[in-house]
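The chain contents come next:
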Amino acid sequence: MTTRVACLGDSLTRAQLSADYLGLLERRRPPGDVRLARFGANGDFAHNLSRRLDAVIADPPDVVTVLIGTNDARASLAGYPVERAMKRKQLPGRPSAGGFQQCLGALVERLRTETDATVGLLSLPVLGQQLDGAAAQASRAYSRMIAEVATTTGAAYLPLHERQTEELREADPPPIPYRELTTAAGAGALFRHAVLRRSLDAVSRRRGLVLTTDHIHQNSRGAALIAEVIDPCLPTRSG
């Protein structure tokens, strides 16, 4: 029987600026083993995702994976354009750690109440690649919150942050400082990738980045780690 999987998240799931972890996940499984549905929106915070569940619940999947919180974590960093993000994403208030946990908890509770799906919460990809830097520490702190929500709600916890941290330690990459992505830079990256067909991995190599193209969005190596941690959450076809 084919397992229906709904993948929820932000731009990392939409995969316009990131390598497509859904495609990599599908290739890890036998043909016809999974049917993946993509529910990703660029720039989403946990608040936005919590308001996009109707479409998921209308056709309940067998498994729901949730990868959200990167933008919430970024909003805690100096230099992030919080006011602009609040206006663009129509947030009811300033993003905060408490608000993030509340939204994520409510999201999981609704999925568990209104569907029979197994819910898996991924911790966040590492922001930047300096593990002692403020960006990586923010993604680590929000990942701990995700683990707490998984524990209190009974959702499965999928340790992406931990797996990417391990990968970065083994790679020992150059200490390139984290830089916040601007709107213009994001649009330019989308144009180069979608229109000029430039490889995301080539962008990473040129910038000396191991898992990302811009400290945030995933190259094929980073996306493969997302698929790797989701895969065990999916049932194995019997017979």
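Refer to the structure printed above.
A quick note: this is a predicted structure, and the numbers were derived from the prediction, not measured. (Residues numbered from 1 in each chain as written. Predicted model: local features only at pLDDT ≥ 70, side-chain atom pairs only at ≥ 80, totals over all residues. Heavy atoms only, no water.)

Chemist: Explain the overall build of the protein chain here, please?
Modeler: The helix and strand tally for the protein chain stands at 12 helices and 5 strands. Radius of gyration (C-alpha) of the protein chain: 17 Å, near the 18 Å computed for a compact globule of 239 residues. A principal-axis box enclosing the C-alpha atoms of the protein chain has dimensions of 45 × 40 × 35 Å. Looking at the 239 residues of the protein chain, the share that counts as buried comes to 52%. Long-range contacts, defined here as pairs at least 24 residues apart, represent 78% of the contacts in the protein chain between residues at least 6 apart. Carbon together with sulfur atoms contributes 51% to the accessible area of the protein chain, which is approximately 11200 Å² in total. Counting 30 positive and 25 negative side-chain charges, the protein chain places the averaged centre of each group 7 Å from the other. (Helix = DSSP H or I, 4+ residues; strand = E, 2+ residues; numbered from the N terminus. Rg over C-alpha atoms; globule rule 2.2 N^0.38 Å. Buried < 20%, exposed > 50% of the residue type's maximum accessible area, 1.4 Å probe, protein only. Contact = heavy atoms within 4.5 Å. Areas by Shrake-Rupley, 256 points an atom, 1.4 Å probe, with all protein chains shown as cover. Lys, Arg positive; Asp, Glu negative; His and termini not counted. Charge placed at Lys NZ, Arg CZ, Asp CG, Glu CD.)

Chemist: Could you clarify how one ought to interpret the sheet that holds strand β4 (residues 118-122) in this entry?
Modeler: Strands pair in a sheet through their backbones, by hydrogen bonds, and they do so in one of two ways: parallel or antiparallel. With parallel pairing, 5 strands are arranged side by side in an open sheet as β2-β1-β3-β4-β5. The sheet is open, and its two borders are formed by β2 (34-40) and β5 (156-158), each paired with just one other strand. Strand-to-strand twist across the sheet, computed as the mean angle between neighbouring axes with direction ignored, equals 20°. Bridge count for strand β1 (residues 3-9) against strand β3 (residues 63-67) is 5 bridges, and the pairing is parallel. Each bridged residue has a counterpart across the sheet, and for L8 the counterpart in β3 is V66. Packed onto the sheet, helix α8 (residues 134-153) meets β4 and β5 and runs at close to 160° relative to β5. (Pairing = 2+ DSSP bridges. Axes fitted to C-alpha atoms, helices over the stretch in contact; angles between N-to-C directions.)

Chemist: Help me understand the side chain of S123 in this model?
Modeler: Considering the arrangement of structural elements, one finds S123 in the loop between β4 and α8. Among the polar contacts listed, one links the side chain of S123 to the backbone nitrogen of L160, at a separation of 2.9 Å. There is a polar contact of 2.8 Å between the side chain of S123 and the backbone nitrogen of H161. Those residues in contact with S123, other than ones at most four positions away along the chain, are L67, S143, I146, Y157, L158, P159, L160, H161 and E162. (Polar contact = N/O pair within 3.5 Å; in protein donor to acceptor, adjacent residues only side chain to side chain.)

Chemist: What's the story with the pattern of salt bridges in this structure? I'm lost.
Modeler: Side chains that differ in sign of charge can pair as their charged atoms come close. The final tally for this structure, using the stated rule, is 16 salt bridges. Of the charged contacts, one joins R29 and D33 as a salt bridge, the two residues approaching to 2.8 Å between their closest N and O atoms. Overall, the relative accessible area of 12% leaves R29 in the buried class. Classification of D33 as buried rests on a relative accessible area of 2%. Connected through shared salt-bridge partners, R163, E166, E167, R221 and E228 make up one network. (Salt bridge = Lys/Arg side-chain N within 4 Å of Asp/Glu carboxyl O.)

Chemist: I would appreciate a short explanation of the packing of helix α7 (residues 97-114) against α8 in the present structure.
Modeler: Each packed pair of helices is defined by two parameters, the angle between the axes and the distance between the axes. In contact at an axis separation of 10 Å, α7 and α8 are set at 35° when each is read in the N-to-C sense. Remark: the crossing between α7 and α8 carries right-handed chirality. Packed against α7, whose contacting residues are A97, F100, Q101, L104, G105, V108, E109 and R112, the element α8 presents Y142, M145, I146, E148, V149 and T153 at the interface. Looking at the contact of α7 with α8, its residues break down into 8 nonpolar, 3 polar and 3 charged. (Left-handed = near helix turned anticlockwise from the far one by under 90°. Nonpolar A, V, L, I, M, F, W, Y, C, P; charged D, E, K, R; others polar.)

Chemist: Can you walk me through the packing of helix α2 (residues 21-28) against helix α12 (residues 220-230) in this structure?
Modeler: It is at 8 Å that the axes of α2 and α12 come closest, and there the two elements cross at 55°. On the basis of the axis angle, α2 is oblique to α12. Note that α2 runs across α12; the crossing there is right-handed. Contact with α2, carried on its side by Y21, L24, L25 and R28, involves S220, A223, A224, I226, A227, E228 and I230 of α12 and no other residues of that element. Broken down by class, the residue content of the contact of α2 with α12 amounts to 8 nonpolar, 1 polar and 2 charged. (Parallel < 35°, antiparallel > 145°, perpendicular 65-115°, else oblique.)

Chemist: It is not clear to me how the environment of S199 should be interpreted in this structure. Could you clarify?
Modeler: Its place among the elements puts S199 in the loop between α10 (183-195) and α11 (200-207). A sequence separation of 14 residues divides S199 from T213, and the C-alpha atoms of the two residues are 9.9 Å apart. Engagement of the side chain of S199 in a polar contact is seen with the backbone nitrogen of D201, the distance being 3.1 Å.

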